[in-house]
Amino acid sequence: MVDLIYTAVSLVVIVPLALFLGVIYSYLLRKLSARFQWRVGPMLRMYGDLKPLLGTTRLLQPLYDILKLYGKETIVPDVSRRRLFVYSPYLSLIFAVAAILFIPFPGMPLLSWVPYSLIIASYLLIGSILFTILGPIASGSPWAAIGARREVELFLVSELGFVLSIFAIAIARQSLVVWELSRGAQSVYLAFLTIVAGALMFAAVLGKLHIKPFDMPEAEAEIVAGSYTEYSGKLLGTYYLTKVFLLYGLVGLFISLFLPPIATDVLWLPLYVVAAVVFVFLLTAVQVLNPRYRIRNAINWYLKVVIPLGALSFIIALAIWLVV
Amino acid sequence: MKFEGSLDVAEYVRKEIYPDGLEYVPLRENRVIVKVPPGDLAKVAELFVKKFEARLIHATAVDLELRGFEVLHIYDFSKVKNRLVVVVKALVDKDNPEFPSIANITWQATWAEREMKELLGVNPSGMPDPRHQFLPHEWPNPVESGSIPEGYKFDGSATTKEMYLPLRMPIEEAYQTLIPIGPYHPGVIEGQIVYVKVEGEQVVAADIKTGFHHRGIMKLIERRGYNKGAFLAERVCGICSAAHGLAYITCAENLYDAEVPDRALYIRTLLAELNRMHSHLLWVGVVADVIGWKTGFMLMWGLRERVMDIIEAITGNRVNYGIWRMGGVSRDVPQELAAKAKRTVDELREECAKLLMLVADHPVVKSRLIGVGPLTKAQAYDGGAVGPVARASDWKIDVRTDNPPHAIYDPKVISWEVITDDHCDTFGRTLVRVKELLVSCGIVSQCLEYLTKTTGEIRIKPKTVPLGAEAVGLNEAPRGELAYYIRASDKDSSLPHSIRIRTPSYRNNAIIPLMLVGSNLADVPVVMGSTDQCLACTDRFEIIDERRGSRKSLTWDQLVNLSRRASRW
């Protein structure tokens, strides 16, 4: 009974917590890339004479940007399929929020102990991205159509890497429950698998989060805002909110699957934070060091990386299962 | 240094090049006017282009009021004889302003003739593409302006959207596959539309429409005289302002027997090359931004800021230098400043060499640039590419060697070279610009060395401009060959009768559709950016207070105070 109450409470707590952490990760992404580019970026400590105007810190700048969009006019184009266009951002957000309920946080197992939670979580993440494709297609804009088309192509290849990496882990550990995977005992073989499959998942996350060189679905200089061209106001804000949750969710999933047992006990929380910051730092490094690929180059790159790495991690996983 | 022309050049043109002209008038600096009857224009063009491989610099027309229109074709003969430029003139009647089009002979004339037609109402007969160039396509109505395909049933009920049919496509098809890039598009900073027809992500046809930014600068100069013209010419472009200033001054000085002190020539070269440096750094940054590399953009513009600082220290201004004068420059470079600037430039050169090579060697940058926007040498020649675009197609064309402006570019005095590249694509254009930047650093360094060691006059008072004089001034802007033509007034010695400007982007933009066909949609902004389009901007504003309904303009001092307050922490 106590367990049930604890779970219920933690389910309520995790949503604002995930939002906060996602915003912090986004802030880090922006601040670090600004420092890489000889810029200042959002201020951590505001200049003295601007404090009365702007507050002492702009740590929550990504959140303010989203909140600003909620105060703006929302325009729905005449030529769009209105219902799909309007509902897609919200459905995408719901899927993303649902997904994070299946990803453990230090001290909060949430729903990650339910059977097949790994499959549920990855399905929900896919669903969230699916609605970032459906909405733009319904908007009737040529830019959005091209953006959505690129998103589909990118999604297909990056999803392949994502699925291969998480199921290699699942096969090696003989479990489809995220909680069990995130608790498990380490061994030398598993450590090796973790490195290979972890690299694979990192590559997949780049595509899912549109980190350069894989930001072609919203390539601004080529196709205006790509998928999001016709979105404005609350609907655009909802998409951005989804991205914040997705960022938190993917970082959390990565840590719980590849760095066990960091995501289990509350005592691991400092290490969880360190791991998340390192992960975001790696994302930023890739972001600032690369120009954008063409969609064809991106697919080629994924096929070159995903198939060998995926095959390798599967062989290792099978070997661990059969031999060890 | 004195700039004079030799009189026997006119005789040379009559004997060796074209004997049937009505009149031969020598201008200063080996420029010759050949007057022909209007009917002969096409014949002359055929002879010049086919036999002598002359290159058309510009085609334009001048309104001579009661006497009629004077059609001008300016040809570059520098490959035949040193610095020779031939201006072919024909007087057309006002009642029947018709003359043969030369666009079928040399494609470069296409834009120029379309412009001539809509600005003056002359009628080049047999134009291959009679649509409007700068006016809206549908003006005054789509059938007359030729934007509707033949045989299309126009019942007058079509909406404004349907009246404009780019690429002469049927309406149904146009709605499905036509992607407009511009006039407001994040990848294109300038007001223009490039319509691309795509199949999937493949571009199968492209068309370009300009004319969103007419400012009437040529007319303004005509009403303000030679001295103020230098300031207006700088404002044609915010990036290559020095190039415009130098080209204008070259042209204006060619109107009379000009004499310019050596020190002024060095200062001119110094500014023109600093201008080229910051323009090329800006371009590399813009291309990095277009291919989605914000880091490259920021780094390049960071370097550019340091060039701008040098320019500001020398002239007091960042964008429009305002130091160009007929007969010299208005502001000297003190010796200490020159020495300091030289140290900075030498440091900058090393850093640029390091960073730019890093950019040019980045694997993803390479994958985005190699093979994009191909332009063979033949295409570049036929299309009339100029500047780095032509040089990247392995065509050695540079005004600084062929037809130098009134500055120091003599290879005996300053060591420099023309950079060419045989990649024939955007990557080649990048390499050419990067290497040119380093060459410019060298020239700047040599100029500063001269300025450090010597002192002297910087300006000689200009003589009165003779009535009815004519001149052509050329300069190599960062984007390519820049041409000015001035005809002095017949009545007033302080006013020009007419002035014509042909900017490099006028040429390079015309060949963008050629480079686009067959490329990937993702590469369209890269190809458009690869020609380094010149963006036009104005620098004044007005404050409108809606609540009080008041309007006020800020004076310069108020603006300076405002900016000082804003940047004070």
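You'll find the structure just up there.
Residues numbered from 1 in each chain as written. Chains lettered and ligands numbered in written order. Predicted model: local features only at pLDDT ≥ 70, side-chain atom pairs only at ≥ 80, totals over all residues. Heavy atoms only, no water.

(A) Broad picture of the overall build of chain A. Tallying secondary structure elements over chain A gives 12 helices and 0 strands in all. For chain A, the N- to C-terminal ordering of α and β elements is α-α-α-α-α-α-α-α-α-α-α-α. For chain A, the residues scored as buried account for 55% of the 324 residues in total. Pairs at least 24 apart in sequence give 79% of the contacts found in chain A among residues at least 6 apart. Accessible surface computed for chain A: about 14100 Å², of which carbon and sulfur atoms make up 72%. (Helix = DSSP H or I, 4+ residues; strand = E, 2+ residues; numbered from the N terminus. Buried < 20%, exposed > 50% of the residue type's maximum accessible area, 1.4 Å probe, protein only. Contact = heavy atoms within 4.5 Å. Areas by Shrake-Rupley, 256 points an atom, 1.4 Å probe, with all protein chains shown as cover.)

(B) Representation of the side chain of Gln 37 of chain A in the model. In this fold, Gln 37 of chain A is placed in the loop between helix 1 (2–36) and helix 2 (51–54). By relative accessible area, which is 5% here, Gln 37 of chain A ends up buried. Setting aside anything within four residues of it in sequence, one finds Gln 37 of chain A in contact with Val 288 of chain A together with Lys 294, Thr 295 and Met 298 of chain B.

(C) The arrangement of the sheet that holds strand 4 (residues 69–76) of chain B in detail. Residues and elements named next belong to chain B. Read from one edge of the open sheet, 5 strands run 1-2-5-4-3, paired in mixed fashion. Only two strands of the sheet have a single partner each, and these edge strands are strand 1 (23–27) and strand 3 (55–63). Going from strand to strand, the sheet's axes swing by 20° on average, the running direction of each strand aside. In terms of strand pairing, strand 2 (residues 31–35) meets strand 5 (residues 85–92) through 5 bridges, oriented parallel. When the bridges of strand 5 are listed, Lys 35 appears paired with Lys 89. (Pairing = 2+ DSSP bridges. Axes fitted to C-alpha atoms, helices over the stretch in contact; angles between N-to-C directions.)

(D) Spatial organisation of empty space enclosed by the protein. Residue and element names in this part refer to chain A. A full pass over the atoms with the stated rule returns 4 cavities of 30 Å³ or more. Taken together, Ile 129, Thr 132, Glu 151, Lys 208, His 210, Tyr 228, Tyr 239, Thr 242, Lys 243 and Leu 246 make up the full set of residues lining the largest cavity. Elements that contribute at least two residues to the lining of the largest cavity include exactly helix 5 (117–138) and helix 10 (233–258). Element by element, the count of residues in the lining of the largest cavity is highest for helix 10, at 4 residues. When grouped by side-chain class, the residues that make up the lining of the largest cavity number 4 nonpolar, 3 polar and 3 charged. (1 Å grid on protein atoms, 1.4 Å probe; cavity = no way out; pocket = protein on both sides within 12 Å on 5 of 7 lines; lining within 4 Å. Points joined across faces, edges and corners; volume = space filled by probe spheres on them. Nonpolar A, V, L, I, M, F, W, Y, C, P; charged D, E, K, R; others polar.)

(E) Broad picture of the sheet that holds strand 14 (residues 480–488) of chain B. Residue and element names in this part refer to chain B. An order of 13-14-15 is seen for the 3 strands of this open sheet, with the pairing classed as antiparallel. Both edges of this open sheet fall to strand 13 (470–477) and strand 15 (496–502), since each of them pairs with a single strand only. Averaged over all neighbouring strand pairs, the angle between strand axes comes to 15°, with direction disregarded. As defined by bridge partners, strand 13 adjoins strand 14 across 8 bridges and the pair is classed as antiparallel. Within strand 14, the position partnered with Val 472 by the bridge is Tyr 485. In this fold helix 7 (residues 217–234) packs onto strand 14 and strand 15, with an angle of close to 70° to the strand it touches most, strand 15.

(F) Quick look at the pairing of strand 1 of chain B. Residue and element names in this part refer to chain B. The pairing of strand 1 with strand 2 spans 5 bridges and is classified as antiparallel. From the neighbouring strand, Pro 26 faces strand 2, where its bridge partner is Val 32. Following strand 1, the chain reverses through 3 residues before pairing antiparallel with strand 2; Glu 29 in that reversal takes a positive phi of roughly 60°.

(G) Just the interface of chain B and chain A, in detail. Taken together, the contacts link 33 residues of chain B with 28 residues of chain A. Of the roughly 2700 Å² buried between chain B and chain A on both sides combined, carbon and sulfur atoms contribute 59%. On the surface where chain B and chain A come into contact, there are 0 salt bridges. Broken down by secondary-structure element, the contributors of at least two residues to the side of chain B that touches chain A are strand 8 (178–181), helix 9 (262–290), helix 10 (294–315) and helix 12 (363–369) of chain B. Take the side of chain B that touches chain A: its biggest share by element is 6 residues, from helix 10 of chain B. Class assignment of the residues belonging to the side of chain B that touches chain A gives a composition of 17 nonpolar, 10 polar and 6 charged. (Buried area = accessible area lost by both parts, 1.4 Å probe. Salt bridge = Lys/Arg side-chain N within 4 Å of Asp/Glu carboxyl O.)

(H) Examining the environment of Ala 148 of chain A more closely. All names here are of chain A. Note that Ala 148 resides in helix 6 (residues 142–173). Residue classification places Ala 148 among the buried residues on the basis of a relative accessible area of 1%. Considering only alpha carbons, one finds Ala 148 and Met 216, 68 residues apart in sequence, at a separation of 10.0 Å. Those residues in contact with Ala 148 that sit more than four places away from it in its chain are Ile 133, Pro 136, Ile 137 and Ser 227.

(I) Representation of the nonpolar core in the model. Core analysis: the largest hydrophobic core is formed by 167 residues, its most contacted members being Phe 48, Tyr 75, Val 196, Tyr 248 and Tyr 484 of chain B. Split by domain, the residues of this core number at least three in each of domain 1 (1–134) and domain 2 (217–370 + 393–502) of chain B. Core analysis: the second largest hydrophobic core is formed by 87 residues, Val 23, Leu 190, Leu 206 and Leu 241 of chain A among them. (Core = buried A, V, L, I, M, F, W, Y, C linked by side-chain atoms within 4.5 Å. Domains from an automatic or database assignment.)

(J) Structural context of the pairing of strand 15 of chain B. Residues and elements named next belong to chain B. With respect to burial, strand 15 is a largely interior element, 6 of its 7 residues being buried. Sheet topology note: the strand 14/strand 15 ladder contains 6 bridges and is antiparallel. Of the residues in strand 15, the one forming a bridge with Tyr 484 is Ile 501.

(K) View of the packing of aromatic side chains. For the structure shown, the criterion picks out 24 aromatic pairs over all chains. For the pair Tyr 231 of chain A and Tyr 239 of chain A, a centre-to-centre distance of 5.0 Å together with 85° between the ring planes defines the contact as edge-to-face. Geometrically, the ring pair formed by Phe 254 of chain A and Phe 258 of chain A is tilted, given 5.1 Å between the ring centres and 40° between the ring planes. Taken as a pair, Phe 254 of chain A and Phe 258 of chain A lie in helix 10 at a separation of 4 residues, close to a single helical turn. For Phe 258 of chain A, a relative accessible area of 2% translates into the label buried. Following the ring pairs from residue to residue traces out a cluster consisting of Phe 85, Tyr 228, Tyr 231, Tyr 239 and Tyr 240 of chain A. The ring of Phe 69 of chain B has Lys 94 of chain B sitting right over it, with the charged end atom 4.7 Å from the ring centre. (Phe/Tyr/Trp six-rings, centres within 6.5 Å; stacked < 30°, edge-to-face > 60°. Lys NZ or Arg CZ within 6 Å of the ring centre and 35° of its normal.)

(L) The side chain of Asp 398 of chain B, seen in detail. Residue and element names in this part refer to chain B. Tracing the sequence through the fold places Asp 398 in the loop between helix 14 (387–391) and helix 15 (399–402). Note on Asp 398: relative accessible area 1%, which makes it buried. In terms of polar contacts, Asp 398 uses its side chain to reach the side chain of Arg 391, at 3.4 Å. Aside from chain neighbours lying at most four places away, what touches Asp 398 is Arg 391, Trp 416, Val 418 and Glu 476. (Polar contact = N/O pair within 3.5 Å; in protein donor to acceptor, adjacent residues only side chain to side chain.)

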